[in-house]
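Examination of the molecular architecture
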Amino acid sequence: MPAPAVPLRLLIVVPPLAGHLLPARALALAWAARGHEVSWVGPEPALRPVLGPDAVVHPTGARLFREQAVGGAAAVRSLWEGFVVPHTRFTLGTVRRAVAQWRPDVVLVDQHSPAGALAAHGAGVPWASFAPSSLEIGDPLDGSGSDNGGGGLAGWRDGVLRGLWERAGLPAGQYTDPRFSPGLVVATGSAALLGLDAAAVPAAYALVGPLLAERPEPPFPWERLDPARRRVLVTMGTLSAEVAGGFLDRVAAALAELPDVQAVVAAPGEAALPPGAIGCARVPVLELLERGAVDAVLCHGGMNTVGESLVHGRPLVLAPIRHDQPVTAGRLAALGAAVRVDFATATSDQLRAALRAVLDRPGYRDAAALLGRQLRAGGGAVAAAERLERFARAPHRTGPA
């Protein structure tokens, strides 16, 4: 593809978390493939291992943030109070300097990095929102409709966001929810997965499905995969390791009673493993799925693992812990592509029954394949980059410069 006559500059502002960085990296690669430039804002020790040595990073420095609650509305409140708000205050100065010095044509702002929207609006630079999770789309945890009992989260969060806007010195009369760009929201799901009416998706939403790209994968003992057994991938995510130990013990006990199933487990070295299992601190999740090396996935319901599993037609057992995971798990169970279990209380017998269900009943695989086709239809990273380019080149009415 020939380079465009006028390359565009994209500044990406995302939290230093793998579930946000990996899909943003895929979009950035597609953006660069169109002949454009990209740079990032964030703590270099967290970004560099994911982005590689050649990425342009405007470093914020790093700091520790408060531990988050495990489940329900308390987890959402602690996410904002313990991470999003202090992270926004900590990084806003660096983001503003990056906007002023690097002069991007557009800023891509993760919904959990409001500093990007505040800095872009203040400088009169167009900004698009990035939604790599389902937590903010439609406020699924607010009010009595959620099984987590949101208890007025929307009103509380609106006050938090307006406080950030005011603290940034922006005009109150120009207030815009920094989670939602009026012009473009790039979301990594489909209407069904995000709980949206497909016929009423806002025009500003680009539901592009999972953003996938080749990435450095850890070494893996492929020769240990048993071709005579079906295989289940067990991964509870990077942020869940500190609370997953007891759950993984119950999973190991469940799999020990499934002699025809081999487990591939992402877990620390001291974790209990069922007989014949392959246990690694890190596993090449995407490569395992692409090779067709696993038949089902047991995970916490994070959007990255869920999306990657579905686009490869793999059904899931979901044990949600916090944030958007219960919402995603509930939707996938209702859509027939997953069995949901309780992370805290599921017994080994219940886990074994859930695994047997997704492995033995073809309806789960069929539903996963249907959702996977819907996700792929979104166009992925290429479609996201194309939509972002059109947005960047369009005329805009922006905030104070």
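Residues numbered from 1 in each chain as written. Predicted model: local features only at pLDDT ≥ 70, side-chain atom pairs only at ≥ 80, totals over all residues. Heavy atoms only, no water.

Time to look at the overall build of the chain. A count of helices and strands for the chain gives 13 helices and 13 strands. A separation threshold of at least 6 residues defines the contact pool for the chain, and within that pool the share at least 24 residues apart is 66%. Summed over all atoms, the accessible surface of the chain reaches about 16200 Å², with 53% contributed by carbon and sulfur. (Helix = DSSP H or I, 4+ residues; strand = E, 2+ residues; numbered from the N terminus. Contact = heavy atoms within 4.5 Å. Areas by Shrake-Rupley, 256 points an atom, 1.4 Å probe, with all protein chains shown as cover.)

Further remarks concern the pairing of strand S4 (residues 106–110). By the criterion of burial, S4 is predominantly enclosed, with five of the five residues buried. In S4, alternate side chains face the same way, and those of Val 106, Leu 108 and Asp 110 on one face and Val 107 and Val 109 on the other are all buried. With four bridges joining them, strand S1 (residues 9–13) and S4 adopt parallel strand pairing. Bridged to Leu 11 within S4 is Val 107. In this structure, S4 lies alongside strand S5 (residues 127–131), joined through four bridges in parallel fashion. By the bridge assignment for S5, Leu 108 is matched with Ala 128. As a crossover connection, the stretch from S4 through helix H4 (residues 115–123) into S5 is right-handed. (Buried < 20%, exposed > 50% of the residue type's maximum accessible area, 1.4 Å probe, protein only. Pairing = 2+ DSSP bridges. Right-handed = clockwise from strand over helix to strand, strands pointing away.)

A complete count under the given rule lists 19 salt bridges for this structure. Across the salt bridge formed by Arg 356 and Asp 360, the nearest N and O atoms sit 3.5 Å from each other. Here Arg 356 and its partner Asp 360 are both found in helix H11 (residues 348–360), four residues apart, which amounts to about one turn of the helix. One salt-bridge network, held together by shared partners, links Arg 34, Glu 386, Glu 389 and Arg 393. (Salt bridge = Lys/Arg side-chain N within 4 Å of Asp/Glu carboxyl O.)

Tallied over the full model, the rule gives three cavities of 30 Å³ or more. The computed volume of the largest cavity comes to approximately 120 Å³. Around the largest cavity sit 14 residues that line it, and Pro 23, Leu 211, Leu 212, Asn 304 and Glu 308 are the ones nearest its centre. Listed by contribution, the elements that provide at least two residues to the lining of the largest cavity are helix H1 (18–33) and helix H9 (303–311). (1 Å grid on protein atoms, 1.4 Å probe; cavity = no way out; pocket = protein on both sides within 12 Å on 5 of 7 lines; lining within 4 Å. Points joined across faces, edges and corners; volume = space filled by probe spheres on them.)

What follows concerns the confidence of the model for the chain. Confidence along the chain averages 89 in pLDDT terms, with 89% of residues attaining 70 or more. Low pLDDT, under 50, characterises residues 143–150; the stretch is placed with 16 contacts to residues that sit more than four places away or in other chains. (pLDDT = per-residue confidence, 0-100.)

Before going further, it helps to spend a moment on the sheet that holds strand S2 (residues 37–42). Here we have seven strands laid out as an open sheet, ordered S3-S2-S1-S4-S5-S6-S7, and parallel in their pairing. Two strands lie at the open edges of the sheet, namely strand S3 (57–59) and strand S7 (205–207), each paired on one side alone. The sheet shows a mean angle of 20 degrees between the axes of neighbouring strands, direction not considered. Across the sheet, H4 is in contact with S1, S4 and S5; its angle to S4 comes to roughly 155 degrees. (Axes fitted to C-alpha atoms, helices over the stretch in contact; angles between N-to-C directions.)

Another point: the nonpolar core. Counting residues in hydrophobic clusters, the biggest one holds 39 residues, and the most contacted among them are Leu 233, Val 283, Val 306, Leu 310, Leu 316, Leu 318 and Leu 332. Other than its neighbours up to four places away in sequence, Leu 310 contacts Leu 316, Leu 332, Ala 337, Ala 368, Leu 371, Gly 372 and Leu 375. Leu 10, Val 14, Leu 51 and Leu 211 belong to the second-largest nonpolar core, a separate cluster that totals 33 residues. (Core = buried A, V, L, I, M, F, W, Y, C linked by side-chain atoms within 4.5 Å.)

Helix H13 (residues 380–393) packs onto H1 with a crossing angle of 65 degrees between their chain directions and a minimal axis gap of 8 Å. Remark: the crossing between H1 and H13 carries right-handed chirality. Of the residues in H13, those in contact with Ala 26, Leu 27, Ala 30 and Trp 31 of H1 are Ala 381, Val 382, Ala 384, Ala 385, Leu 388 and Glu 389. (Left-handed = near helix turned anticlockwise from the far one by under 90°.)

With that settled, the discussion passes to the pairing of S1. Of all five residues that make up S1, four are buried, and the element is covered over most of its length. The pairing of S1 with S2 spans five bridges and is parallel. Considered in S2, the bridge of Leu 11 is made with Ser 39. Of the crossover connections in this fold, the one passing from S1 over H1 to the parallel S2 is right-handed.

This part takes up the packing of aromatic side chains. All told, the structure shown has three aromatic pairs when counted by the stated rule. Between Trp 165 and Tyr 175, the aromatic rings sit 5.4 Å apart at their centres with planes inclined by 80 degrees, giving edge-to-face as the arrangement. Taken together, the residues Trp 165 in helix H5 (residues 153–167) and Tyr 175 in the loop between H5 and strand S6 (185–187) connect sequence positions ten residues apart. Tyr 175 shares its class with Trp 165; the two are buried. (Phe/Tyr/Trp six-rings, centres within 6.5 Å; stacked < 30°, edge-to-face > 60°.)

A few words now on H11. Taking 1.5 Å as the rise per residue, H11 with 13 residues should run 18 Å; its terminal C-alpha atoms sit 18 Å apart, in good agreement. The set of residues buried in H11 consists of Leu 351, Ala 354, Leu 355, Ala 357, Val 358 and Leu 359. (Expected span 1.5 Å × (residues − 1).)

Let us look at the sheet that holds strand S10 (residues 278–280). Adjacent strands of a sheet form backbone hydrogen bonds with each other and so pair up, either parallel or antiparallel. Read from one edge to the other, the open sheet built from six strands follows the order S10-S9-S8-S11-S12-S13, with strand pairing classed as parallel. Where the open sheet ends on each side, the last strands, each with one partner, are S10 and strand S13 (338–340). On average, adjacent strands in this sheet sit at an angle of 15 degrees to one another, irrespective of strand direction. Bridge count between strand S8 (residues 230–235) and strand S9 (residues 261–266): six bridges; the pairing is parallel. Directly across from Leu 233, in S9, lies its bridge partner Val 264. The strands touched by helix H10 (residues 325–334) are strand S12 (316–318) and S13; relative to S13, the strand with the most contacts, the crossing angle is about 125 degrees.

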